Amino acid sequence: MSGYEALPPLFRLIARRLTANDFKVHTGYWLTGDPTMEKVGPDGALKYGNLGDASYTYRVDTYGKIFGLTRQDVINDDLGAFLEIPRMIGRGAALAIEDAGWTLVLANTGSYFATGNNNYIEGAGTVLGSAGLGSAIEKLLKQTDRNTKPILLEGKYLVVPPELKVTADELYQSTNINTGGSSTTTKVPNRNIFAGKYEPVAVPYLSNSGYTGYSTTAFYVFPDPQNVAAFGLAFLNGAEQPTVEEVDQPAEFLGTAFRGYIDFGACQVDPRGGVKSKGAA
């Protein structure tokens, strides 16, 4: 567990928790409709709302690894393998979740982040900075329900590749802005309006060339996944921790082994639950 919990929960921050009771494909739903209350007339009658739903699918798979120790390894255990191997397995479970989750984000399956879903911006003005972040936040704030009424999403996480970590940290931590105007009549702001608002989350997967869809300039803004979630993370029977066991080797081998496994799956949930900025023209 120390190895599993030591890794920063990057994808786990932005994903809503889901539960599956088996390995079949499951269908999840989020309700649509207009929940805004309407003024009650003199007759005291309440108006019925119209409900609809949108669906998404998810399933869990098993991920695992086993490491063997010979009898001589056990006897000569000067490196503390009995402690280190279980920790490695726990860490590997956390890595598997992050790898699967960010692979899904970058793959952009079905043009998930796209102009048609009103959750994508591009162009020179979308580079991460005060203007680019402002455009992404504006796009998130304009998300609506099926009746085109605002759903009041507030950004919480600013997800960036390592190349943009310093810029993201500056936007989050700096309180002042030093800039100049084009003339003596130009107003110059002296406060960073984004200070402390959107928690920076630096994700190495986003700019890693080994992943389809990688970019050194793109960034994302996500709200709290308990409000509206762009992605989900499902676990078998809600068990979020890996199972690690010491097991015997086959009879023909002298030694022991450690194995670990975890059952989970990542999925797309609601495209309104996040905004992607290309970050470059």
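Another point: the sheet that holds strand β5 (residues 120–121). An order of β5-β12-β8-β6-β7 is seen for the five strands of this open sheet, with the pairing classed as mixed. Edge positions in the open sheet fall to β5 and β7 (199–202), since each of these has one partner strand only. As paired elements, strand β6 (residues 155–160) and β7 share four bridges and run parallel to each other. Considered in β7, the bridge of valine 159 is made with valine 201. Packing of helix α5 (residues 130–141) onto the sheet brings it into contact with β5, β6, β8 (219–223) and β12 (275–277), and relative to β8 it is tilted by some 40°. Here helix α6 (residues 165–173) sits on the sheet in contact with β6 and β7, set at roughly 170° to β7.

Mapped onto the secondary structure, serine 215 falls in the loop between β7 and β8. Within the local environment of serine 215, its side chain forms a polar contact with the backbone nitrogen of threonine 217, the two atoms lying 3.1 Å apart. In contact with serine 215, not counting residues within four places along its chain, are Pro161, Leu206, Ser207 and Lys278.

In total, this model carries twelve aromatic pairs according to the counting rule given. With centroids separated by 5.7 Å and ring planes inclined at 80°, the aromatic side chains of phenylalanine 11 and tryptophan 102 adopt a geometry described as edge-to-face. Separated by 91 residues along the polypeptide, phenylalanine 11 in helix α2 (residues 10–14) and tryptophan 102 in helix α4 (residues 81–107) bring together distant segments of the chain. In this pair, the class of phenylalanine 11 matches that of tryptophan 102, namely buried. Ring pairs connect the aromatic residues Phe11, Trp102, Tyr112, Phe113, Tyr220, Phe222 and Phe231, which therefore count as one cluster.

The rules behind each value
Residues numbered from 1 in each chain as written. Predicted model: local features only at pLDDT ≥ 70, side-chain atom pairs only at ≥ 80, totals over all residues. Heavy atoms only, no water. Pairing = 2+ DSSP bridges. Helix = DSSP H or I, 4+ residues; strand = E, 2+ residues; numbered from the N terminus. Contact = heavy atoms within 4.5 Å. Axes fitted to C-alpha atoms, helices over the stretch in contact; angles between N-to-C directions. Polar contact = N/O pair within 3.5 Å; in protein donor to acceptor, adjacent residues only side chain to side chain. Phe/Tyr/Trp six-rings, centres within 6.5 Å; stacked < 30°, edge-to-face > 60°. Buried < 20%, exposed > 50% of the residue type's maximum accessible area, 1.4 Å probe, protein only.

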